[in-house]
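The lines below spell out each chain.
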Number of protein chains: 2
Amino acid sequence: MSRVAVLAGGVGAARFLDGLVRVVPPTDVTAIVNVGDDMEWSGLHISPDLDTVTYTLADLVNPETGWGLRGESRRTLDRLSELGGPDWFMIGDLDLATHLYRTHRLSQGDPLSAITRDLTRRLGLELAITPVTDDQLRTVVETDSGELAFQDYFVKRRAADPVHSLRFDGANSSSPAPGVIDSLQEADVIAIAPSNPFLSIDPLLSVPGVRDAVTSSAAPVVAISPIIGGQAVKGPAADILQSLGHDVSALGVARIYDLLADVFILDEEDASLATEIDAETGMRVVVMATLMKDVEAKMALASGTLKAALDAG
Amino acid sequence: MSRVAVLAGGVGAARFLDGLVRVVPPTDVTAIVNVGDDMEWSGLHISPDLDTVTYTLADLVNPETGWGLRGESRRTLDRLSELGGPDWFMIGDLDLATHLYRTHRLSQGDPLSAITRDLTRRLGLELAITPVTDDQLRTVVETDSGELAFQDYFVKRRAADPVHSLRFDGANSSSPAPGVIDSLQEADVIAIAPSNPFLSIDPLLSVPGVRDAVTSSAAPVVAISPIIGGQAVKGPAADILQSLGHDVSALGVARIYDLLADVFILDEEDASLATEIDAETGMRVVVMATLMKDVEAKMALASGTLKAALDAG
């Protein structure tokens, strides 16, 4: 009665999902996760968003950062730094095991979706977490300093370069991973997590068939604004809205999701924008607390989001 | 006056080299190291013999095993094991940094020899340590259980399968790494370390040009028996001698090196074989203590080996 498919990026999506699986049966939830941020690092395949979602749902995540593992150490990275190797991407000793496992399986020819399923099952998770595609899809960021691979832009250069445009290399020739389209078609609610619209949600929609499955679904589509009071809760969403010429506000986000979503969740702090968004877009606007500062807040946002969607459906 | 080129495998060669750099200037020593044991492990390029030689010479090696690093930990490997990943190949957290560094550089297009040179310089080593080739060369072991990649045979299956034959994939199309042929041609002494003749020395000689450079060199060539009292000091040399139909003794080894070496170093324990080896081969036989149980023994073997070679030259 409430199968939920969630379009998901990293930290914001992970926290939303953590609330969601506490208010509906986890087996009813499918997280369709961005892989545009994936990278090869010293031969290893790293999937930051898949790991952030998995670690958060498995209650293994470092609560201070929202990514990486609790109780992490950096024996390997410190030594790598001493050797003169690349040390700008923080990879802890425990985290490394995930990347080694994933790369090992990939080298055996297993698809990323099957590997992710096995990892999440091994960690005791009941929801489905899947990459949007098993094919290679890489976000390329065009900046004042030229084209940058996503993690170069985001981690190495700390998202400091103004962004002119984004490209999703490989998207055109990619296919949705098994179950992705089904989960959207069979969903009772489709939620767009409070993730970066450009860096997290756009890559998902760039995989052929995904946008159509969302827009043609009978289920209500509900989007949660990742911008509160003109600022991103986390990450460079506000900077990117600005440099791409959008309004740096929930209104700017609402315009982006207008043709995709039926319902738009706005934070209480932005309640004054509700009338304008309502007038300008075709979405039904619902105001609630969206800052997920603890488990109760996560659960309240999840159930509020579902209720808003189902009321509209 | 005593430039020394050493054909080297892993632990035995590393210990011999450790003595050698204490009796001649390290800058006069070139270690030409086997890469037939190299493997890809979860996306990482691992060079066991290069690492064993490097770690030993840098005084970082685990003295109990003769390979790996002192003070090593296994945070990553233990987690990988929990995740259901491949845990049969012991890779410690510190060791992992070497593999990540190497793989990172390889992925940037740097040759293994340049990477090895930078690593050894970074660790303060003055001798030259070089892979025999920058090209891919892989030892394949034909056994009762079929063809096995070297580390499958050696580590995963604990060298328990009788060996029918060995093959060095890629050897025919490989080239010596920069400096390898020069170091053999310019050497005052060429030493064949007490390594496995089949698994460590043969792969070196299978690289086109290397065997010729050894046999055509004006320098005396001296080989040290890795077999003492019919047993290998370390590793499966004795088993392989037997399964390939050789005499499991220093005599069996001497026959293998007959056409390659001028001088054969025999352990005191095998002194009774000296006459037979002398009669049957063209090599001059010199008896000395070859067990490298401490630094003094290593130094004595190194200087004894050089003296025996130069006396013959």
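For the structure, see preceding data.
Cut-offs used in this document
Residues numbered from 1 in each chain as written. Chains lettered and ligands numbered in written order. Predicted model: local features only at pLDDT ≥ 70, side-chain atom pairs only at ≥ 80, totals over all residues. Heavy atoms only, no water. Helix = DSSP H or I, 4+ residues; strand = E, 2+ residues; numbered from the N terminus. Rg over C-alpha atoms; globule rule 2.2 N^0.38 Å. Buried < 20%, exposed > 50% of the residue type's maximum accessible area, 1.4 Å probe, protein only. Contact = heavy atoms within 4.5 Å. Pairing = 2+ DSSP bridges. Axes fitted to C-alpha atoms, helices over the stretch in contact; angles between N-to-C directions. Salt bridge = Lys/Arg side-chain N within 4 Å of Asp/Glu carboxyl O. Least-squares fit on C-alpha atoms with pLDDT ≥ 70 in both. Parallel < 35°, antiparallel > 145°, perpendicular 65-115°, else oblique. Left-handed = near helix turned anticlockwise from the far one by under 90°. Nonpolar A, V, L, I, M, F, W, Y, C, P; charged D, E, K, R; others polar.

### Section: the overall build of chain A
Scanning chain A from N- to C-terminus turns up 13 helices and 14 strands. In terms of overall dimensions, chain A is globule-like: its C-alpha atoms have a radius of gyration of 19 Å, near the 20 Å expected for 313 residues. Principal axes of the C-alpha set define a box for chain A whose edges measure 60 × 45 × 40 Å. Taken across its 313 residues, chain A has 58% of its residues classed as buried. Residue pairs at least 24 apart in sequence account for 67% of intrachain contacts in chain A once pairs closer than 6 positions are excluded.

### Here's the deal with the sheet that holds strand E7 (residues 146–149) of chain B
Residues and elements named next belong to chain B. The sheet built from three strands is open, its strands ordered E7-E6-E8 with antiparallel pairing. The sheet terminates laterally at E7 and strand E8 (163–169), the two strands that pair on one side only. Taking the axes of each pair of neighbouring strands and ignoring which way they run, one obtains an average angle of 25° across the sheet. Looking at chain direction, strand E6 (residues 138–143) and E8 are connected through six bridges and run antiparallel. Of the residues in E8, the one forming a bridge with Arg138 is Asp169. Each of E6 and E8 is contacted by helix H8 (residues 197–205), which is oriented at about 30° to E8, the strand it contacts most.

### Here we look at the pattern of salt bridges
If you walk through the whole model with that rule in mind, you get 32 salt bridges over all chains. Of the charged contacts in the structure, one is a salt bridge between Arg255(B) and Glu280(B), with a shortest N-O distance of 2.5 Å. Here Glu280(B) lies in helix H12 (residues 274–280) and Arg255(B) lies in helix H11 (residues 250–257), a separation of 25 residues in the sequence. The network of salt bridges with common partners includes Arg105(A), Asp110(A), Arg117(A) and Asp118(A).

### Overview of the sheet that holds strand E14 (residues 284–288) of chain B
Residues and elements named next belong to chain B. Reading across the sheet, the seven strands line up as E5-E2-E1-E9-E10-E13-E14 and stay open at both edges, with parallel pairing between neighbours. Strands at the two margins of the open sheet, each flanked by one partner only, are strand E5 (128–131) and E14. Within this sheet the neighbouring strands show an average axis-to-axis angle of 20°, counted without direction. Relative to strand E9 (residues 189–192), strand E1 (residues 4–8) is paired through four bridges, and the arrangement is parallel. Looking across to E9, one finds that Val4 is bridged to Val189. In the packing of helix H1 (residues 11–23) onto the sheet, contacts are made with E1, strand E2 (29–33), E9 and strand E10 (221–224), and the angle to E1 comes to roughly 165°.

### Here we look at the relation of the copies chain A and chain B
Placing chain A over chain B gives an RMSD of 0.0 Å and needs a rotation angle of 180°, together with 0.0 Å of translation along the axis. Seen this way, the second copy is the image of the first under a two-fold rotation axis. By C-alpha distance to the rotation axis, the residue of chain A lying nearest is Gly43(A), at 2.5 Å. Most of the interface of chain A is mirrored in chain B, where 100% of its interface residues are also at the interface.

### Here's the deal with the environment of Gln242(A)
By the secondary structure assignment, Gln242(A) is in helix H10 (residues 237–243). Between the C-alpha atom of Gln242(A) and that of Ile256(A), which follows or precedes it by 14 residues, the distance is 13 Å.

### Quick notes on the packing of helix H4 (residues 93–107) of chain A against helix H5 (residues 112–122) of chain A
Residues and elements named next belong to chain A. Two elements in contact, H4 and H5, have axes separated by 10 Å at closest approach and are oriented at 135°. It follows from the interaxial angle that H4 and H5 lie oblique. Judged by the twist between their axes, the crossing of H4 over H5 is right-handed. Here Thr98, Tyr101, Arg102, Arg105 and Leu106 of H4 lie close against H5, whose contacting residues are Leu112, Ala114, Ile115, Asp118 and Leu119. Grouping the amino acids of the contact of H4 with H5 by side-chain chemistry returns six nonpolar, one polar and three charged.

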